Amino acid sequence: MRLLSLLAGALLLLYPATPRAQTVWDMPTEYPENAMPGLGLTTFAKHVAETSAGKLQIRPSFDATAGIKSAGMLTAIADGRVQAGDAFAGSLESEGAIFALPSLPFLVTSTADAKRLADIARPYLAAALQKKGLRLLYLTPWPPSGIWSKTPLKTASDLSGLSIRTYDKTSTEVFAGAGAKAASISFADTMPKLVDGSINAVLSSGDGGAGRKLWEYLPYFSEITYSLPLSVASVNQAVYDGLSGDLREAVDAASRQTERELWLALSTRLQENYQRMRQNGVTIDSSPAPSIAEALQSGAAAVQRAWCVRSGPACVPILDAFRARKP
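Quick caveat: nothing in here was measured; it's all calculated off a predicted structure.

Rules used throughout
Residues numbered from 1 in each chain as written. Predicted model: local features only at pLDDT ≥ 70, side-chain atom pairs only at ≥ 80, totals over all residues. Heavy atoms only, no water. Core = buried A, V, L, I, M, F, W, Y, C linked by side-chain atoms within 4.5 Å. Buried < 20%, exposed > 50% of the residue type's maximum accessible area, 1.4 Å probe, protein only. Helix = DSSP H or I, 4+ residues; strand = E, 2+ residues; numbered from the N terminus. Phe/Tyr/Trp six-rings, centres within 6.5 Å; stacked < 30°, edge-to-face > 60°. Lys NZ or Arg CZ within 6 Å of the ring centre and 35° of its normal. Disulfide = S-S within 2.5 Å. Salt bridge = Lys/Arg side-chain N within 4 Å of Asp/Glu carboxyl O. Pairing = 2+ DSSP bridges. Arc of directions from axis to C-beta. Contact = heavy atoms within 4.5 Å.

Colleague: Report on the nonpolar core, specifying residues and quantitative values.
Modeller: If you look at the biggest cluster of nonpolar residues, it comprises 60 residues, and the most contacted ones within it are Met27, Phe44, Leu101, Leu137 and Trp307. Among the elements that make up this core, the one with the highest residue count is helix H4 (residues 111–131) (eight residues). Membership of the second largest hydrophobic core comes to 24 residues, among which are Ile147, Leu159, Ala178 and Ile292.

Structure, rendered in structure tokens:
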């Protein structure tokens with residue numbers, strides 16, 4: 001036995017143990033790889049691999065292929081089905097009213113507005129995630145939301161002819177108030193609804209629409225700048241805490257770099273989307289009839305007040321800070 005032990009020790013010296021297998025995080029989104037959340041996942045995966053020297057690997061998946069949509073993402077992460085994930089913030093309102101803030105209608109009208117609001121909202125979003133046992137990684141900005149439709153929208157009365165996919169409770173209320181038949185539908189479920197004819201319009205940015213080739217069914221886009229919403233990338237806090245200190249620092253550095261690059265990408269994203277849309281036959285109405293926006297804006301103040309009630313004491317400091325910094 002002693003001889004065997006000596007031989008085993010010699011072999012270990014000659015052939016040291018293989019390095020510890022790298023840690024892998026599965027990180028899904030319900031959006032296409034070429035939409036902003038998809039870009040966020042691929043960018044984050046690249047930076048994590050770099051900053052961790054390959055010790056941590058992010059394995060992204062797109063188009064809800066993991067079977068998880070935005071509304072169920074936080075639960076899936078908290079329950080350990082996946083380690084991390086990206087979710088559209090507006091779809092998470094049932095998890096906390098704060099998540100509806102970035103998609104409040106007509107609150108932000110520019111990328112600068114959206115960045116200011118994101119910076120103000122960050123600690124509140126992080127706190128809401130923390131209550132679920134999750135940690136905020138980074139925020140993903142979206143280009144402005146508009147209306148994809150089968151026919152052009154010329155007057156406010158045309159809104160009543162829309163069976164439109166909306167993306168959260170608030171947008172459903174706004175469009176229903178303007179006369180449309182509105183239903184909140186996950187982006188992953190939107191295309192089947194277009195195919196079977198149960199919807200004839202979609203509230204989405206050019207970014208999301210281009211990612212799913214909405215032009216195959218909806219060749220018109222009305223630029224109403226309804227909102228510039230956010231998606232939220234988060235990780236299970238216990239999984240994060242289980243990393244070594246240097247890997248936690250690597251994740252934090254990758255998160256910051258990813259978000260910086262996403263905001264930079266947003267600055268040119270709108271024109272890139274429009275170019276792609278026009279190449280595929282989309283007619284873009286950059287100056288829709290004022291009556292269309294007015295019909296939608298008439299309900300915006302009411303839903304903002306309702307959000308304030310739901311969000312409690314967070315509402316006033318957030319909106320006051322945002323409006324104080326608005327030029």
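Colleague: Lay out the packing of aromatic side chains with the relevant residues and their values.
Modeller: Evaluated as defined, the whole model comprises 10 aromatic pairs. Where Phe221 meets Tyr274, the ring centres are 6.0 Å apart and the plane angle is 65°; that geometry is what we call edge-to-face. Of this pair, Phe221 sits in strand E9 (residues 220–222) while Tyr274 is found in helix H9 (residues 245–279), placing the two residues 53 residues apart along the sequence. By relative accessible area, Tyr274 is classed as buried at 4%. Joined through ring pairs, the aromatic side chains of Tyr31, Phe88, Phe106, Trp142, Tyr167, Phe175, Phe187 and Tyr226 make up one cluster. The side chain of Lys115 reaches across the aromatic face of Trp263, ending 5.8 Å from its centre.

Colleague: Requested: an account of the state of the cysteines, with residues and values cited.
Modeller: A full pass over the atoms with the stated rule returns one disulfide. Sulfur-sulfur distance for the disulfide between Cys308 and Cys315 comes to 1.7 Å. Judged by its relative accessible area of 22%, Cys308 falls in the partly exposed class.

Colleague: Help me get a handle on the pattern of salt bridges, residues and values and all.
Modeller: Considering all chains together, one arrives at 11 salt bridges under this definition. Across the pair Arg135 and Asp252 runs a salt bridge whose closest N-O atoms are separated by 3.5 Å. In this pair, Arg135 is assigned in strand E4 (residues 134–141) and Asp252 in helix H9, connecting sequence segments 117 residues apart. Linked by salt bridges that have partners in common, Lys115, Asp119, Arg122 and Glu259 make up one network.

Colleague: Hey, could you go over the pairing of E4 for me, with residue numbers and the actual values?
Modeller: For E4, the buried fraction is high: seven of the eight residues fall into the buried class. Pairing of E4 with strand E10 (residues 230–236) involves seven bridges; the strand directions are antiparallel. Each residue of the ladder has a partner; that of Leu134, found in E10, is Asn236.

Colleague: Before we move on, could you go through helix H3 (residues 70–78) and cite the residues and values that matter?
Modeller: Every buried residue belonging to H3 is among Ser70, Met73, Leu74, Ala76 and Ile77, and all of these are buried. Viewed along the axis of H3, the buried residues span an arc of 165°, placing them on a single side of the element. The inward-facing, buried residues of H3 abut strand E1 (23–28), strand E3 (84–88), H4, E4 and E10. Of the residues trailing H3, Gly80 is marked for its positive phi of about 85°.

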